[in-house]
Number of protein chains: 2
Amino acid sequence: MSKELVFGHQNPDTDAIVAAIALANLQNKLGKDVEAVALGELNDETKFVLDHFDQKAPRIIENAAPEVTAVMLVDHNEAQQSVADIANVTVTNVVDHHRIANFETVAPLYYRAEPVGCTSTILWEMYNEKQITISAQLAGLMLSAIISDTLLLQSPTTTEQDKTAVRALAEIAGEDYQAYGLQMLKAGANIADKTAEDLIDEDAKTFEMSTAQVRIAQINVVDLPEAVARKNEFVQAMNNSSTNNNYDLFLLAITNVLNSETTLLAVGEHTLLAKAEQAFGKQLNDNLMELPGVVSRKKQIVPPLQEQF
Amino acid sequence: MSKELVFGHQNPDTDAIVAAIALANLQNKLGKDVEAVALGELNDETKFVLDHFDQKAPRIIENAAPEVTAVMLVDHNEAQQSVADIANVTVTNVVDHHRIANFETVAPLYYRAEPVGCTSTILWEMYNEKQITISAQLAGLMLSAIISDTLLLQSPTTTEQDKTAVRALAEIAGEDYQAYGLQMLKAGANIADKTAEDLIDEDAKTFEMSTAQVRIAQINVVDLPEAVARKNEFVQAMNNSSTNNNYDLFLLAITNVLNSETTLLAVGEHTLLAKAEQAFGKQLNDNLMELPGVVSRKKQIVPPLQEQF
């Protein structure tokens, strides 16, 4: 049996890296030659996680076809999120928790998707189904991925299965998941060393809303006052970016991952700022509004805005 | 929780019907309101199976949206094989053993595919994973589906999992699967009551090979001499059909499902008949050639022909 590579999506987060490691290990136990690799540099949170559980980082690849003819995907399926030469290799396995789109095969394959908060939750089930033991180290990694994807089980994407998996994995890993989770999210939410320019671009997407170009960035923090204290820096960076890129409205969601609370900064044309106010039913006070209970751009920020445009 | 429908592909075979019944039952045990339905009339084999195990036939639907907002698919995923109004309902679950193509969702879903010989083999695993008991009746139905899809474990699509599932299900059902399987395949391979015109059209597909229209029909039998005795009838029907539909080459594969043996009848232009001879490395003798070991149109007939054109 020839070797296969397994990887998560580009710009990998903790689940993309951990799910690849977990599926590679599962396949190895089943007798297959599979190596976990990454499609990009690890973020701060993932570096903390691998370090904490003494796990070597997977090597980074740009293309798969020079090494293998077959690959496995975790935490994604859409071609544009995958390895650059995905069209030149055969996908034999997918484990994922996203919608299916822009994915097609010429032959039957293993495909396992569930509408849960994290790919590692599905992998935990697969280990159980095949009665394969999860080591304390791997349990710690998988626990971290679920905490990361669900923001410590607070995100609206969290399911009962994610909660059950977290409790079971925390026990195997010997971690107090609340205390450890806090520490881990903090490691990924360190903004002190980064410039405002970098922070407003790190996780930002442009949306076309009727004719307006709306830029929506999000940063995760654990200390909202520390972030809000840098408001003037952010507003200036957002104004500059809007001028340079022709954005009509720029929103920055600063999300406290510990208590589901977002502070929204907004710059742009007056009529568009008014639309943002209508979308969330709140007034902007000196470019700022509080959005308690909001953590998800996809589920809680884009849809109400879209409706106003 | 609102009701959902589950169904297999159009022109249902035994697996399409049984897998729907098996998944509906599994979902019911998990507390969901799910009904198995069919996208067309049952074939002779499936009628025999449901009768043998005292199972009522699922009702037939034309559209899903008038009844439900959400559906589950078994034994297919491609939109053109599914219910006519598939675009107007949400697919929440898929259990399948085919390639993935022409399938896209807007939200995450349950998707379970494995490259095995039959959907019912995957469902057998799912029952085991969830530790839900399979009744003797349901085991008989699932056993029948696997025998049907794998031609009693003889087809090149058969895997070790299919074999294990057949043995386990036969024990629960209390059936001698060899004896029962023979009886069942015979019930589906009764050609005595059908006209040659119907038989050459029942399971026929047209392929465009370079500029030629190549029609390839297949019929399953258990008594090859009985079928070959009707050769002149078949050849006449094939000639008439070619004239009426402008086929350049018409092949009829008469497959003995009990011993992996096919007799091929061919009519068409001389140069194209010569291509068929080259494709299989055999001479046609009065429009007929023997193809021992051949059972699969998809895997063993189309590819070598395609190569000659």
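Within an unreviewed UniProt entry, the label attached to chain A reads inorganic diphosphatase, and the organism entered is Bombilactobacillus thymidiniphilus. Reading the Catalytic activity (unreviewed entry) entry of the UniProt record for chain A gives the comment "diphosphate + H2O = 2 phosphate + H(+)".

A.B. asks: For this particular structure, what's the right way to read the interface of chain B and chain A?
C.D. replies: With 21 residues of chain B in contact, the opposing surface of chain A contributes 21 residues. With both chains or domains summed, chain B and chain A bury close to 1,800 Å², and 56% of this area falls on carbon and sulfur atoms. When the buried surface of chain B facing chain A is broken down by residue, Arg99, Ile100 and Tyr110 of chain B rank first, second and third, together holding 29% of it. Linking chain B with chain A are zero salt bridges, by the criterion used here. Counting every contact that joins chain B to chain A gives six residue pairs in polar contact (both at pLDDT 80 or more). Examining the composition of the side of chain B that touches chain A, we find that four residues originate from one element, strand S5 (residues 110–113) of chain B, more than from any other. Here the residues of the side of chain B that touches chain A sort into 11 nonpolar, five polar and five charged.

A.B. asks: Looking at this structure, how should I read the domain arrangement of chain A?
C.D. replies: Think of interface size as the accessible area that goes away when the parts come together; that is how it is often given. Residue and element names in this part refer to chain A. According to the domain assignment, chain A contains domain 1 (4–186) and domain 2 (196–308). Taking the mean C-alpha position of each, domain 1 and domain 2 sit 30 Å from one another. Listed as interface residues are eight residues of domain 1 and, on the opposing side, 10 residues of domain 2. Contact with domain 2 buries surface across domain 1, with Leu151, Gln154 and Pro156 losing the most and accounting together for 58% of the total. Applying the counting rule to domain 1 against domain 2 returns zero salt bridges.

A.B. asks: In this structure, what is going on with the relation of the copies chain B and chain A? I would like to understand it.
C.D. replies: Put simply, the two copies of the chain differ by a rotation about an axis and a shift along that axis. Overlaying chain B on chain A yields an RMSD of 0.1 Å, the required transformation being a rotation through 180° with an accompanying axial translation of 0.0 Å. Here the symmetry operator amounts to a two-fold rotation axis. By C-alpha distance to the rotation axis, the residue of chain B lying nearest is Arg112 of chain B, at 2.5 Å. The overlap is high: 100% of the interface residues of chain B also sit at the interface in chain A, so the same surface is used on both sides.

Definitions and limits used
Residues numbered from 1 in each chain as written. Chains lettered and ligands numbered in written order. Predicted model: local features only at pLDDT ≥ 70, side-chain atom pairs only at ≥ 80, totals over all residues. Heavy atoms only, no water. UniProt positions renumbered as here; feature names shortened; annotations may be inferred. Contact = heavy atoms within 4.5 Å. Buried area = accessible area lost by both parts, 1.4 Å probe. Salt bridge = Lys/Arg side-chain N within 4 Å of Asp/Glu carboxyl O. Polar contact = N/O pair within 3.5 Å; in protein donor to acceptor, adjacent residues only side chain to side chain. Helix = DSSP H or I, 4+ residues; strand = E, 2+ residues; numbered from the N terminus. Nonpolar A, V, L, I, M, F, W, Y, C, P; charged D, E, K, R; others polar. Domains from an automatic or database assignment. Least-squares fit on C-alpha atoms with pLDDT ≥ 70 in both.

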